[in-house]
Amino acid sequence: MSTLTIRLPDDKHERLKALARANAVSVNKLIDELATVALANFDARVRFETRAARGNPERALALLDKLDRVVDAP
């Protein structure tokens, strides 16, 4: 496990401590959870962009049109 030192403005540090208290976790655990969310979002974006680059725009639009017809059907 690594140790990371970051510099934050005092007011931001106080807000993070309050958020951690409100969630009944340590500031360390809160930062770990926030980093996990940020990395998951990054990974999802990379996967989406990779798949989008291989995609076929005409086929995608045809699928959206098909979805619209299903949703609009009585």
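Look up a bit, the structure's there.
Residues numbered from 1 in each chain as written. Predicted model: local features only at pLDDT ≥ 70, side-chain atom pairs only at ≥ 80, totals over all residues. Heavy atoms only, no water.

(A) Region of interest: the environment of Leu30. Note that Leu30 resides in helix H2 (residues 27–54). Expressed as a C-alpha distance, the spacing of Leu30 and Lys17, which sit 13 residues apart in the sequence, is 8.9 Å. Those residues in contact with Leu30 that lie beyond four places of it in its chain are Leu16, Leu19, Ala20 and Val25. (Helix = DSSP H or I, 4+ residues; strand = E, 2+ residues; numbered from the N terminus. Contact = heavy atoms within 4.5 Å.)

(B) Looking closely at helix H1 (residues 10–22). Taking 1.5 Å of rise per residue, 13 residues should cover 18 Å, and H1 covers 18 Å from first to last C-alpha, within 8% of that figure. The positive-phi residue at the C-terminal boundary of H1 is Ala24, with phi of around 55 degrees. (Expected span 1.5 Å × (residues − 1).)

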